[in-house]
Every structure is written in structure tokens, then in C-alpha cells.
Amino acid sequence: MSESAQCIFCKIVRGEIPAVKVHEDERTLTFMDIQPASPGHALVISKAHAPDLLEIAEPDLLAVAVTVQRVARAVQKSLAPDGLRIGQFNGAAAGQTVPHYHVHIVPMREGQRAGAHGRAPAKIEELKALAVRIREALAD
Ligand code: 5GP
Ligand code: ZN
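The sections below set out a description of the structure shown in this document. What you see as residue numbers is a count from 1 along each chain, following the sequence as written. Each chain is given a letter, starting from A, and each ligand a number, starting from 1, according to the order in which they appear as written. With the structure being a predicted model, the display of local features is reserved for residues of pLDDT at least 70 and the display and counting of side-chain atom pairs for 80 or more, all residues being used for whole-chain, interface and lining totals. The side-chain quantities take in all heavy atoms of the structure and omit both hydrogens and water.

### Digging into the coordination of the zinc ion (ligand 2)
Stage number 1. Distances from the zinc ion (ligand 2) to its protein donors, Cys7 (SG), Cys10 (SG), His49 (ND1) and His100 (ND1), fall at 2.0 to 2.3 Å.
Stage number 2. Keep in mind that water is not among the atoms, so a site may look incomplete; donors are the N, O and S atoms within 2.8 Å of the metal, or 3.2 Å for Na, K and Ca. Ordering the donors of the zinc ion (ligand 2) by residue number gives the pattern C-x2-C-x38-H-x50-H. With Cys10 in helix H2 (residues 8-13) and His49 in the loop between strand E3 (42-46) and helix H3 (58-79), this residue pair connects regions lying 39 residues apart in the sequence.
Stage number 3. Buried residues are those whose accessible area, probed at 1.4 Å on protein chains only, stays under 20% of the maximum for their type, while exposed residues exceed 50% and partly exposed ones sit between those limits. Note on Cys10: relative accessible area 4%, which makes it buried.
Stage number 4. Its relative accessible area of 25% is what places His49 among the partly exposed residues. The way it works is that DSSP assigns letters per residue, a run of H or I at least four long becomes a helix, a run of E at least two long becomes a strand, and they are numbered from the N terminus.

Shown next as C-alpha cells:
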């Protein structure tokens, strides 16, 4: 069986499991992290399966980078954090838990202590409300 058949993010791309989506274009998909490190934590992924930075095709890498900037600006505008953490892990030893290339966008507040990953799943209704705010700022 191919890697992508079992991959949880490929399943989201194919619509086989639900996600609170923020934005979609030809090469990228953005959705809310189910276990956010802070409110507004979003993930930008390439639609094509590639495990990490070392293996992703350059056009997909570039497309993700452009989407990260667009979504980061929309998060800044809609949620007004004091800072934005943009992160990406390669390999389990580096903290990667889902081997499908993705970039974390984590809004940070002054003095906030947040790890790379959240500790508990968020309520879907809260994720949906945040996604609406970010989406509205993207459309502006
Ligand atoms: P990594 O450690 O691989 O960089 O981060 C994977 C991220 O994906 C984690 O922050 C985790 O909460 C998130 N995640 C894992 N499974 C799912 C899922 O099924 N749906 C969503 N929306 N996020 C997920
Ligand atoms: Zn995948």
C-alpha cells in the first residue's frame, strides 16, 4: 500500500476524514490544528504527499511558502497576536508526528509559554469560529 493511502493528512486532502478548513488552492490546503499549541494554530500542507522538507518537490515547497505568508498575514490581521511562530519538523527525532510535509502557524501572546504541540484537543466549534475569522481576513 502506498504511503499516502495511510497518511492522515492525505486522508484530509481526499476528504476521507474531516478537518476545519481555512483555505485551499491548487497545491496547498490550510486547516486548524486539532490540538492547538495556542488558539488560532493552523497547519499549511502540500496537497501532494511528501514526508518532509528533504523530499518535497520544489513547486509544492514554494506553494506552501506563499500560502504560509498569506495565512500568517490573515492570522495577524484577524487575531492580532503579539508574534507568530512558524515551525516545521523533519523526522520523529525532531518532533514530527505526521510524516506529511506541513508548516505550523502558531499565534503567540507576550509572555506565553507554548510548546510545539498542544496538550489537549480543541472544541470543533471553537476551531470553526477561529477559521471563519482567519478566512474573512484572507478574503480582504
Ligand atoms: P508535527 O509534530 O508532525 O509537526 O505536527 C503534526 C500536527 O498535526 C500536530 O500539531 C497535531 O495536533 C496535528 N494533527 C494530527 N492529526 C490531526 C488531524 O487529524 N487533524 C488535524 N486538524 N490536526 C492533526
Ligand atoms: Zn500524506
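So that's the structure; there's more coming.
### Description of the packing of aromatic side chains
Stage number 1. A pair of aromatic rings is counted whenever rings of Phe, Tyr or Trp (Trp by its six-membered ring) have centres within 6.5 Å, and the orientation is called stacked for planes under 30 degrees apart, edge-to-face for over 60 and tilted otherwise. Enumeration according to the criterion identifies one aromatic pair in this entry.
Stage number 2. Ring centres of Phe9 and Phe31 lie 5.3 Å apart, and the angle between their planes is 80°; on these two criteria the pair is classed as edge-to-face. Placement of the pair is Phe9 in helix H2 and Phe31 in strand E2 (residues 28-32), with a sequence separation of 22 residues.
Stage number 3. For Phe31, a relative accessible area of 3% puts it in the buried group.

### Remarks on the side chain of His41
Stage number 1. By the element assignment, His41 lies in the loop between E2 and E3.
Stage number 2. On the accessibility criterion, His41 (1% relative accessible area) is buried.
Stage number 3. Here His41 is in contact with Met32, Asp33, Gln35, Pro36, His104, Ile105, Val106, Pro107 and Ala116, once residues within four sequence places are set aside. Note on contacts: a residue pair qualifies if any of its non-hydrogen atoms lie within 4.5 Å across the two residues.

### Comments concerning the pairing of E3
Side-chain direction in a regular strand flips from residue to residue, so the side chains alternate between the two faces of the sheet.
Stage number 1. Summarising burial for E3: five of the five residues are buried, a large majority.
Stage number 2. Covered by surrounding structure in E3 are Ala42, Val44 and Ser46 together with Leu43 and Ile45, the residues of both alternating faces.
Stage number 3. Following DSSP output, two strands are said to pair if at least two bridges run between them. Summarising the sheet, E2 and E3 pair through five bridges and their orientation is antiparallel. Looking at E3, one finds that Phe31 is bridged to Leu43.
Stage number 4. Direction of pairing for E3 relative to strand E5 (residues 102-108): antiparallel, over a ladder of four bridges. Within the sheet, the bridge partner assigned to Leu43 lies in E5 and is His104.

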